[in-house]
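# Coordinate inspection notes
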Amino acid sequence: FLKAQGVDEVIDESTIREFFPNATSGTWGIDDEYLFRTAYKILTAPHKQPQLIFMLTITNHPPYRVPENVKPQKIPLPKEILQRFPYTNTETIFATFRYANNSLGNFITEVKANPDTAEKTFIVATGDHNLRGIGYNHRFDEVILGHGVPFYMYMPQKYREATGVSYDSYRFGSHKDIMSTVAKHALSGGTMLTLGCDMLSDVDICNYPYSYNDEVGIYKKSSNYMIRNRYADQYVACFIRNNEVNYKYALLDTPRISGLLVDPAKFSNSGEQCNEIENYDQLVHDIYHYNLTLNEKETDVVSSR
């Protein structure tokens, strides 16, 4: 699958062990620090053309554990925090999260400290879901956090000056925008087929100017974005699917909450903006499922080419 997407080389546990024979590992493979050490090794090796390294970390996954040579193994948490989670190993989960972030932080520090990499390397980090088990859907003041993931981007100063950066801490974005943002600032010239927006530009012409996932879309209604009660009359939130999720009913029934302060009417999917997001949602699913939704006759034609 990766090769079909244009990936030139796949580096897995066996390859990393050739570099670091004493690397520690867990259920899913090599611990994160060795993944980042390998990436740094590749970055600093001689190469004639730019490289794109896509990394998938695995340590911060169940069954949670911290490598034996890493301290702390557990992070003491207040009782009120522990009570929010349904787990018996919450302190280990937080220690694992700390280890994973520390591994990433060490990698970023190394890249920025090396003159050969600091001014020609972009680093982007994000997650595919938020903290599980914490119960965002049961706390109205935190419901917006249930759809949030971190997004970190390091851009060398000369690129910031050359391409211009407009950072808005109240702006919504989503995963569709990540590669678009990187490409706009890291690549010189050329064109790119994308459904995303440049999240660091306030003049970018974007066909889909809203954040999106399978459940919720949030639309930019004016020059500002709403988050945590701010600009509450200047955005529209649209529920796309999975109506059985209970926090959506909570939002509909209790519109004046500190997480999403809106007019209940704005949650209806009848508005123009919500229609656009619904159409985008359908487009994404059509593209993803295209080969699976062909009828038998069409499938015969395609497979015969």
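Residues numbered from 1 in each chain as written. Predicted model: local features only at pLDDT ≥ 70, side-chain atom pairs only at ≥ 80, totals over all residues. Heavy atoms only, no water.

This paragraph deals with the overall build of the chain. Along the backbone of the chain there are 10 helices and 7 strands. Restricting the contact set of the chain to residue pairs at least 6 apart, pairs at least 24 apart contribute 60%. Accessible area of the chain: about 19400 Å², with a carbon and sulfur share of 53%. (Helix = DSSP H or I, 4+ residues; strand = E, 2+ residues; numbered from the N terminus. Contact = heavy atoms within 4.5 Å. Areas by Shrake-Rupley, 256 points an atom, 1.4 Å probe, with all protein chains shown as cover.)

Applying the stated criterion across every chain yields a total of 1 disulfide. Note that Cys197 is cross-linked by a disulfide to Cys206, the S-S spacing being 1.8 Å. The sign of the S-S torsion, about -60 degrees, decides the handedness of the disulfide formed by Cys197 and Cys206: left-handed. For Cys197, a relative accessible area of 4% corresponds to the buried category. (Disulfide = S-S within 2.5 Å. Buried < 20%, exposed > 50% of the residue type's maximum accessible area, 1.4 Å probe, protein only.)

Among the nonpolar cores identified, the biggest contains 12 residues, and these are Phe36, Ala39, Tyr40, Leu43, Leu104, Phe107, Ile108, Val111, Ala118, Ile123, Ala125 and Tyr154. In contact with Val111, not counting residues within four places along its chain, are Tyr40, Leu43, Thr117, Ala118, Thr121 and Ile123. If you look at the next biggest cluster of nonpolar residues, it comprises 6 residues, including Ala23, Ile30, Tyr34 and Leu35. (Core = buried A, V, L, I, M, F, W, Y, C linked by side-chain atoms within 4.5 Å.)

This part covers the packing of aromatic side chains. Within a pair of aromatic rings, the relevant descriptors are the distance that separates the centres and the angle that separates the planes. Taken as a whole, this structure holds 7 aromatic pairs when the rule is applied. Taking 4.9 Å as the distance between ring centres and 75 degrees as the angle between the ring planes, the aromatic pair formed by Phe122 and Tyr159 counts as edge-to-face. Remark: Tyr159 occurs in helix H6 (residues 157-163) and Phe122 occurs in the loop between helix H5 (115-118) and strand E3 (123-126); sequence separation between them is 37 residues. Residue classification places Tyr159 among the partly exposed positions, given a relative accessible area of 22%. Every member of this aromatic cluster is reached through a ring pair, and the members are Phe85, Tyr87 and Phe94. Note that Arg37 overlies the ring of Phe20, its terminal NZ or CZ placed 5.8 Å from the centroid. (Phe/Tyr/Trp six-rings, centres within 6.5 Å; stacked < 30°, edge-to-face > 60°. Lys NZ or Arg CZ within 6 Å of the ring centre and 35° of its normal.)

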